[in-house]
Structure formats: C-alpha cells, structure tokens
Amino acid sequence: MENVFRKTRKARGFTLVELLIVLIIIGILAGMLMLAMGASKDKFTATKIMSNLRTIKSTIAIYQSDTGKTIPEDGKLITLGNGTSSLDKYVDNAPNGYFVYRDTSKFCILFDGNASDPKIEKDSGVWDSLSKMNEDIGLSVDKENAKVYMYLAKDSK
C-alpha cells in the first residue's frame, strides 16, 4: 500500500495552453494600455495648441500696449516664428504653424496643422479634443482642413 501513495504526479511546470492563455491576457492588457496612451497623447497635443494660442493672444495684447500699433494690418497674414514679423521678438521660440490674420470683419490667430511640425493627422483625436475646448473660448475648429481659428475680436464696422 505504501507505493500507491508515492505515485503522485511530479511538478512539470506550466503547460503550453496555460502559457498561451497568459500571453493572450498580457496582449489584451497591453492593447488597452496603448489605446489609453494614444488618447492621452491627443489630449496633451490639444492642450499644448490651446496654450500656444492663449500665449500668442497675450503677446499681441502686450505688443499693442507697448507700441500703440494694431497688428496685423487689414488683409495681412503674419507668420510667427520665422523672424520676419514684428511680433517675433515678443514670442520666444514660436512653434511652426501659427499665424495672425486680420481682415475687415475678423481678427484671429490661426493654427494650421498642415504647417505644424510634426503634422497632426486629420483623423487624430486632437481635433475632437479642441472641439470640446471650443465651448469656453470660442474656437472654430476645421477638422477637414486641419485648422483652428481663435477669433480675438470683431470690428464694429
């Protein structure tokens, strides 16, 4: 009778099925983490764009206060960050893709995702995040053309 009790199964480690199940679970969890990281990256980029727009808006106010000049003149588009505009000394390290525009009815800051570096894809969640931010500050988001307009003021003409 002693031999019956000694015939227990020896530990052989994990079976192939058990290892595959663990790898599948890890893969599913990694995929969920990647989705969450992508969404947070889009939110970060949208927040960075908003911060740049607000900084440029403040810079324009400081420039106008210092110089007494209205910028830009009617019908002109100013490209920031290329060293040619009078605003460049007020905007340190201006990122690519930001412009200031004025015509008789609008005065706005434009962020052009096509001109920014790196380019932001049209189907990225950045545009949706910017659209949600729109409610507080009056942005106009053009997802199809990858552009964001922040209107500063309307003329009373």
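The model shown is predicted, which means the values in this text are computed figures rather than measured ones.

**Overview of the overall build of the protein**
Right, on to step 1. When you go through the protein residue by residue, the secondary structure sums to 3 helices and 5 strands.
Right, on to step 2. Secondary structure elements in the protein, listed N-terminal to C-terminal, are α-α-β-β-β-α-β-β.
Right, on to step 3. Buried residues in the protein amount to 28% of all 157 residues.
Right, on to step 4. Taking contacts inside the protein between residues at least 6 apart in sequence as the whole, the part at least 24 apart equals 55%.
Right, on to step 5. Total accessible area on the protein stands at roughly 11,100 Å², and carbon and sulfur atoms take up 56% of it.

**Here's the deal with the pairing of strand β3 (residues 107-112)**
Right, on to step 1. Of all 6 residues making up β3, 6 are buried, and the element is well covered by its neighbours.
Right, on to step 2. Of the two faces of β3, the one holding Phe-107, Ile-109 and Phe-111 and the one holding Cys-108, Leu-110 and Asp-112 are both buried throughout.
Right, on to step 3. The pairing of strand β2 (residues 98-102) with β3 spans 5 bridges and is antiparallel. Bridging across to β3, Tyr-101 finds its partner in Cys-108.

**Points about the confidence of the model for the protein**
Right, on to step 1. Scored by pLDDT, the protein has a mean of 76; 76% of the residues are at 70 or more.
Right, on to step 2. No element of the protein has a lower mean pLDDT than helix α1 (residues 2-6), which averages 56, and none a higher one than helix α2 (residues 16-67), which averages 86.

**Examining the nonpolar core**
Right, on to step 1. Grouped together as the largest cluster of nonpolar side chains are 24 residues, with contacts concentrated most on Ile-49, Leu-53, Val-100, Phe-111 and Leu-130.
Right, on to step 2. When contributions to this core are tallied by element, the ones reaching two or more residues are α2, β2, β3, α3 (126-137) and β5 (147-153).
Right, on to step 3. The element contributing the most residues to this core is α2, with 7 residues.
Right, on to step 4. If we ignore the near neighbours within four places in the chain, the residues touching Ile-49 are Tyr-98, Phe-111, Ile-120, Val-126 and Leu-130.

**Looking at the side chain of Asp-112**
Right, on to step 1. Here Asp-112 is to be found in strand β3.
Right, on to step 2. Every residue in contact with Asp-112, bar those within four places of it in the chain, is listed here: Gly-97, Phe-99, Asn-145, Ala-146 and Lys-147.

**Re a nonpolar patch on the surface**
Right, on to step 1. The grouping of Val-17, Ile-21, Ile-24, Ile-25, Ile-28, Leu-29 and Met-32 at the surface amounts to a nonpolar patch, some 700 Å² of accessible area in total.
Right, on to step 2. By the secondary structure assignment, Ile-25 is in helix α2.
Right, on to step 3. Under the relative-accessibility criterion, Ile-25 is labelled partly exposed at 46%.

Rules behind the numbers
- Residues numbered from 1 in each chain as written.
- Predicted model: local features only at pLDDT ≥ 70, side-chain atom pairs only at ≥ 80, totals over all residues.
- Heavy atoms only, no water.
- Helix = DSSP H or I, 4+ residues; strand = E, 2+ residues; numbered from the N terminus.
- Buried < 20%, exposed > 50% of the residue type's maximum accessible area, 1.4 Å probe, protein only.
- Contact = heavy atoms within 4.5 Å.
- Areas by Shrake-Rupley, 256 points an atom, 1.4 Å probe, with all protein chains shown as cover.
- Pairing = 2+ DSSP bridges.
- pLDDT = per-residue confidence, 0-100.
- Core = buried A, V, L, I, M, F, W, Y, C linked by side-chain atoms within 4.5 Å.
- Patch = residues over 30% accessible without salt bridge, like charges linked within 9 Å, V, L, I, M, F, W, Y side chains within 5 Å.
- Salt bridge = Lys/Arg side-chain N within 4 Å of Asp/Glu carboxyl O.

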